[in-house]
Amino acid sequence: MRVSFADAGRADLVTILSLNRHVTDVGQPYESQRKALGDPMLHITSLTKTFAGKTAVDRATLEIDGPAMIGIIGRSGAGKSTLLRMLNGLTPATSGEVTFQGKAVTGLKGAPLRAWQAQCAMIFQQFNLVPRMDVVSNVLHGTLNKRSTLATMFNLYPREDIGRAIDILERLGIAEHAAKRAEALSGGQQQRVAIARALMQDPAIILADEPIASLDPMNAQIVMDALRRIHDEDGRTVICNLHTLDTARRYCDRVIGMFAGRIVFDGRPDQLTTGVARDIYGAGDDFSEAATSTAIAVLDRPGMLARMPA
Ligand SMILES: Nc1ncnc2c1ncn2[C@@H]1O[C@H](COP(=O)(O)OP(=O)(O)O)[C@@H](O)[C@H]1O
Ligand SMILES: [Mg+2]
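K.L.:
Which parts of the structure should I look at to understand the packing of helix α7 (residues 187–200) against helix α8 (residues 217–234)?
P.N.:
The geometry of a pair of packed helices is captured by two quantities: the angle between their axes and the separation between those axes. Taken N-terminus to C-terminus, the directions of α7 and α8 make an angle of 15 degrees; their axes are 9 Å apart at the nearest point. What the angle tells us is that α7 and α8 run roughly parallel. Of the two elements, α7 crosses α8, and the hand of that crossing is right-handed. Residue-level inspection shows G187, G188, Q191, R192 and I195 of α7 in contact with α8, the latter providing N219, I222, V223 and A226.

In structure tokens form, the structure reads like this:
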């Protein structure tokens, strides 16, 4: 089925997208668990992960007290992914604690863990979409944490949720692709679908693990712009693992540097001197920032706060 957002009005689009799934007017639409956004108050204390005796994250301690846009940088193997995965419970911590708004979120299981994971949505380098499924269904999967197994089994979605999914896709400039299979989209578009799926949960925090590492510079910029805008406009906290310094400098207000599992820098981008960067990347005197740059550096910053393409 091909449908262009320009041809079909929004109501028509909802109808068209409803054809290949069971839509109900009686089902409970997805409702956020959050009362209000408020401060994230995400406190990480001495968080540690060891894999078979090898320490991947070593006593990481961080406090995030206001909505923030944070970049975590460091070499491959520094522990960035493990740190993010421990934050949302994908990987259990070996020791240490994470609290969110005063409550411990480490060691959760079952429904409380799923509730936390809805508050703290994650996006990945490889998008992790269901390739053969259409875009809007992928976005609706963002509500899985809240839906009953039965509703999921029968592909049952409240009409309201489909409308919301389309609104989110529209905000990210990809509503016209709503009915296409995810695999038909470009990498940059797929990553925006993954962001839409995360937003469907209305999370307080978005964790992004190298979200632009598989994208060309143009799409990398579009995706980073989208994350920045979500932070600026919604007040969500975005914590983004980034391979490279220049992207962190360009988009983030706070940069955390990891080296060999430890947090070795935590400060503003302007405090990140070449000497500090050398420590983070563990390079010698011949260290050059060019070695840690992506081609995104060639693009201008002004696009950053501009509207995303429709
Ligand atoms: N599931 C795992 N099993 C064993 N070792 C792992 C696992 N995940 C990560 N590691 C190790 O932990 C360290 C940190 O990895 P990772 O968090 O992926 O770093 P980064 O994301 O900064 O590249 C690396 O030495 C890696 O090999
Ligand atoms: Mg990683």
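K.L.:
Can you help me understand helix α6 (residues 159–171) in this one?
P.N.:
Side chains three or four residues apart in an α-helix point the same way, a direct result of the helix having 3.6 residues per turn. With 13 residues, α6 should reach 18 Å at 1.5 Å per residue; the first-to-last C-alpha distance of 19 Å fits that figure. Among all positions in α6, only D161, I162, R164, A165, I166, I168 and L169 are buried. G173 sits one or two residues past α6 and shows a positive phi near 80 degrees.

K.L.:
What's the story with the sheet that holds strand β10 (residues 237–242) in this structure? I'm lost.
P.N.:
In a beta sheet, neighbouring strands pair by backbone hydrogen bonds and run either parallel or antiparallel. Here we have six strands laid out as an open sheet, ordered β7-β9-β10-β4-β11-β12, and mixed in their pairing. Unpaired on one side and paired on the other, β7 (120–124) and β12 (262–267) mark the two borders of the sheet. Taking the axes of each pair of neighbouring strands and ignoring which way they run, one obtains an average angle of 20 degrees across the sheet.

K.L.:
Before we go on, may I ask you to explain unusual backbone geometry in this structure?
P.N.:
As a rule of thumb, non-glycine residues mostly have phi less than zero, and peptide bonds are mostly trans rather than cis. Unlike most non-glycine residues, F127 shows phi in positive territory, near 70 degrees. Position of F127 among the secondary structure elements: in the loop between β7 and α4 (135–140). Judged by the 22 C-beta atoms lying within 10 Å of it, F127 falls in the buried class. Phi is positive for A260, close to 50 degrees, though the residue is something other than glycine. Among the structural elements, A260 can be located in the loop between β11 (254–259) and β12.

K.L.:
Looking at this structure, how should I read the site of ligand 1?
P.N.:
For ligand 1, the full set of nearby residues is F51, A56, G74, S76, G77, A78, G79, K80, S81 and T82. With three residues, the single largest contributor to the shell around ligand 1 is helix α2 (residues 80–87). For the shell around ligand 1, a count of residues per class yields three nonpolar, six polar and one charged.

K.L.:
How should the packing of α6 against α7 be read in this particular structure?
P.N.:
Contact geometry for α6 and α7: axes closest at 9 Å, N-to-C directions at 135 degrees. Taken together, the axis directions place α6 and α7 in an arrangement best described as oblique. Viewed along their axes, α6 and α7 form a crossing whose handedness is right-handed. Residues R164, A165, I168 and L169 of α6 lie in contact with α7, whose contacting residues are A196, L199 and M200. Classifying every residue of the contact of α6 with α7 by side-chain character gives six nonpolar, no polar and one charged.

K.L.:
Looking at this model, I keep getting lost on the pairing of strand β9 (residues 205–209). Mind explaining?
P.N.:
Regular strands show a simple pattern: their side chains alternate between the two faces of the sheet. The element β9 is extensively covered by neighbouring structure, given that five of its five residues are classed as buried. In β9, alternate side chains face the same way, and those of I205, L207 and D209 on one face and I206 and A208 on the other are all buried. Relative to β9, β7 runs parallel, the two sharing five bridges. Residue pairing in the sheet places A121 in a bridge with I206 of β9. Taken together, the five bridges between β9 and β10 define a ladder with parallel strand orientation. Paired with A208 across the strands is C240, a residue of β10. Tracing the backbone out of β9, into α8 and back to the parallel element β10 gives a crossover that is right-handed.

K.L.:
When you look at the sheet that holds strand β6 (residues 103–104) in this model, what are you seeing that I'm missing?
P.N.:
The strand order across the open sheet formed by four strands is β3-β2-β5-β6, and the pairing between neighbours is antiparallel. Of all strands in the sheet, those bounded by a partner on one side alone are β3 (54–64) and β6. The pairing of strand β2 (residues 42–51) with β3 spans seven bridges and is antiparallel. Residue pairing in the sheet places K49 in a bridge with V57 of β3.

What counts and what doesn't
- Residues numbered from 1 in each chain as written.
- Chains lettered and ligands numbered in written order.
- Predicted model: local features only at pLDDT ≥ 70, side-chain atom pairs only at ≥ 80, totals over all residues.
- Axes fitted to C-alpha atoms, helices over the stretch in contact; angles between N-to-C directions.
- Helix = DSSP H or I, 4+ residues; strand = E, 2+ residues; numbered from the N terminus.
- Parallel < 35°, antiparallel > 145°, perpendicular 65-115°, else oblique.
- Left-handed = near helix turned anticlockwise from the far one by under 90°.
- Contact = placed C-beta atoms within 7 Å.
- Expected span 1.5 Å × (residues − 1).
- Buried ≥ 20, exposed ≤ 12 C-beta atoms within 10 Å, placed from the backbone.
- Pairing = 2+ DSSP bridges.
- Near = placed C-beta within 6 Å.
- Nonpolar A, V, L, I, M, F, W, Y, C, P; charged D, E, K, R; others polar.
- Right-handed = clockwise from strand over helix to strand, strands pointing away.

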